[in-house]
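Analysis of the macromolecular model
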Amino acid sequence: MDNMMSFRTLYDVQQLLKRYGTYVHLGKRMWDIELMFIEVKRLYEGGMIDKKTFIDAQLVLKAEHRKEEEKDRSK
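Keep in mind that what you see is a predicted model, and the values were worked out from it rather than measured.

This part takes up the nonpolar core. Judged by nonpolar contacts, the single largest core of 17 residues is most densely connected at Phe-7, Val-13, Leu-17, Met-36, Val-40 and Leu-61. Contributing elements (two or more residues each) for this core: α1 (10-19), α2 (29-45) and α3 (51-74). Broken down by element, the residue count for this core peaks at five residues, all from α2. Other than its neighbours up to four places away in sequence, Leu-17 contacts Thr-22, Val-24, Met-36, Glu-39, Val-40 and Leu-43.

Okay, structure coming up:
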C-alpha cells in the first residue's frame, strides 16, 4: 500500500476497500460504516495494508460513525 494515500472522508476509505475488491452497500450508512470497520481490520490482519493506513482509515470511520450516532439521537 502506498503511504501517499490520505484519508479524510468515508469516500477515501471506500476507495481503499475497492482497491482490494470490497464494495460495501447495505442500504443504511451506519451499517456500511460498521462493515467497513470489519473489512479494514481484516485487510490489516491479513498484511494487505500497513499500520498507518489502518489507523488513518479507522479514525475516519470512527468520526463518521460518531456523526451518524449524533444524527440518530437528534431525531
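Along the chain, Glu-39 turns up in helix α2. Between the alpha carbons of Glu-39 and Val-24 there is a distance of 9.3 Å; along the sequence they are 15 residues apart.

Once that is clear, we can look at the pattern of salt bridges. Any two side chains of opposite charge can pair, so long as their charged atoms come close to each other. Per the stated rule, a full pass over the model turns up eight salt bridges. Between Glu-68 and Arg-29 there is a salt bridge, with its nearest N and O atoms 3.0 Å apart. With Glu-68 in helix α3 and Arg-29 in helix α2, this pair connects stretches of sequence that are 39 residues apart. Judged by its relative accessible area of 9%, Glu-68 falls in the buried class. Across the pair Arg-42 and Glu-39 runs a salt bridge whose closest N-O atoms are separated by 3.7 Å. In this pair, Arg-42 and Glu-39 are both assigned in helix α2, three residues apart and thus about one turn of the helix distant. Looking at Arg-42, the relative accessible area reads 54%, which means it is exposed. Each of Arg-29, Glu-64, Lys-67, Glu-68 and Lys-71 takes part in one network of salt bridges that share partners.

Parameters at a glance
- Residues numbered from 1 in each chain as written.
- Predicted model: local features only at pLDDT ≥ 70, side-chain atom pairs only at ≥ 80, totals over all residues.
- Heavy atoms only, no water.
- Core = buried A, V, L, I, M, F, W, Y, C linked by side-chain atoms within 4.5 Å.
- Buried < 20%, exposed > 50% of the residue type's maximum accessible area, 1.4 Å probe, protein only.
- Helix = DSSP H or I, 4+ residues; strand = E, 2+ residues; numbered from the N terminus.
- Contact = heavy atoms within 4.5 Å.
- Salt bridge = Lys/Arg side-chain N within 4 Å of Asp/Glu carboxyl O.

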